[in-house]
Amino acid sequence: MRAKANRAVQAFDDLADRYDAWSDTASGRVLFDLELGALRPLFAGTAGPRLEVGVGSGRFAAALGIDVGLDPAEAPPRLARARGVRVLRGVGSQLPFADDTFGAVALIVTLCFVENPAGVLADVGRVLRPGGRLVVGLVPLDSAWGRSYEEKGRAGHPFYSHARFQTLAEHHLMLAVAGCRLVEARSTLFQAPNDEPVAEPVRSGAVAGAGFVALAAQRESAGAD
Ligand SMILES: C[S@@+](CC[C@H](N)C(=O)[O-])C[C@H]1O[C@@H](n2cnc3c(N)ncnc32)[C@H](O)[C@@H]1O
């Protein structure tokens, strides 16, 4: 498991420019805007400071007004810093922050690349203030997009071959185990994955079949039911 996770980080380091440049292609821009449209309303009204774990090249962090990012890779954070995001090096399961620090924490298409998603969620819960908000952006395995990415991974895709996608139900369970209660969600990408992407509406809720889902969960206060 560890070796696979390290290979994922290595891939993001080796191919940082390629990963980042894809968002400037016509297809990449459409997908980025759809995903941002799902994520943005979930950050509305959240208190600072805001953290993104697995910040990568910082496109979402910059667009969402996230103050600080964290990533174990070296090359993508250089791009994030150029976008004005402060980035620390580290892993999501050992966050270098005190308990109860952040009003909001984002994990955007990152849980599928970490070796220990439950450990990352537990530490994110620790650094969130009680009542703070965790926003998770994910590609559900039980969607055409999740199945397509997994298939590309099996065929040797440089990034997806290091991912372990999980179903929407598995994400709900992981959030509950981490002491976070789902409060809001948005879903998009109901179109087929292998056609040229087009704009489409973002729907409210965690809708089965969506290729991208954004979940907002609130950290329960200690001792909450
Ligand atoms: C698909 S990229 C997502 C980057 C950014 N969130 C975005 O959506 O553009 C996944 C990121 O997770 C990072 N990552 C991998 N293992 C990690 C870990 N254990 N803790 C935190 N981040 C990790 C990778 O280095 C990579 O930058």
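In the block above lies the structure referred to throughout.
What counts and what doesn't
Residues numbered from 1 in each chain as written. Predicted model: local features only at pLDDT ≥ 70, side-chain atom pairs only at ≥ 80, totals over all residues. Helix = DSSP H or I, 4+ residues; strand = E, 2+ residues; numbered from the N terminus. Rg over C-alpha atoms; globule rule 2.2 N^0.38 Å. Buried ≥ 20, exposed ≤ 12 C-beta atoms within 10 Å, placed from the backbone. Contact = placed C-beta atoms within 7 Å. Pairing = 2+ DSSP bridges. Axes fitted to C-alpha atoms, helices over the stretch in contact; angles between N-to-C directions.

If you tally the helices and strands in the protein, you get 8 helices and 8 strands. Whereas a compact globule of 225 residues would reach a radius of gyration of roughly 17 Å, the protein reaches 16 Å, a difference of no more than 12%. With the principal axes as the frame, the protein shows a C-alpha extent of 45 × 35 × 35 Å. For the protein, the proportion of its 225 residues judged to be buried stands at 41%. The contacts in the protein between residues at least 6 apart in sequence include a share of 66% that link residues at least 24 apart.

On to the sheet that holds strand β7 (residues 203-204). The pairing of strands in a sheet comes from backbone hydrogen bonds and takes either a parallel or an antiparallel form. Taken in spatial order, the 8 strands of this open sheet run β3-β2-β1-β4-β5-β8-β6-β7, and their pairing is mixed. Of all strands in the sheet, those with a lone pairing partner are β3 (86-89) and β7, marking the two edges. Two strands pair when backbone bridges link them, and strand β1 (residues 50-53) and strand β4 (residues 102-108) are joined in this way by 3 bridges, in the parallel orientation. Considered in β4, the bridge of Arg-50 is made with Ala-104. On top of the sheet, helix α3 (residues 26-43) reaches β4, β5 (128-138), β6 (180-188) and β8 (212-219); it is set at about 150° to β6, its chief contact.

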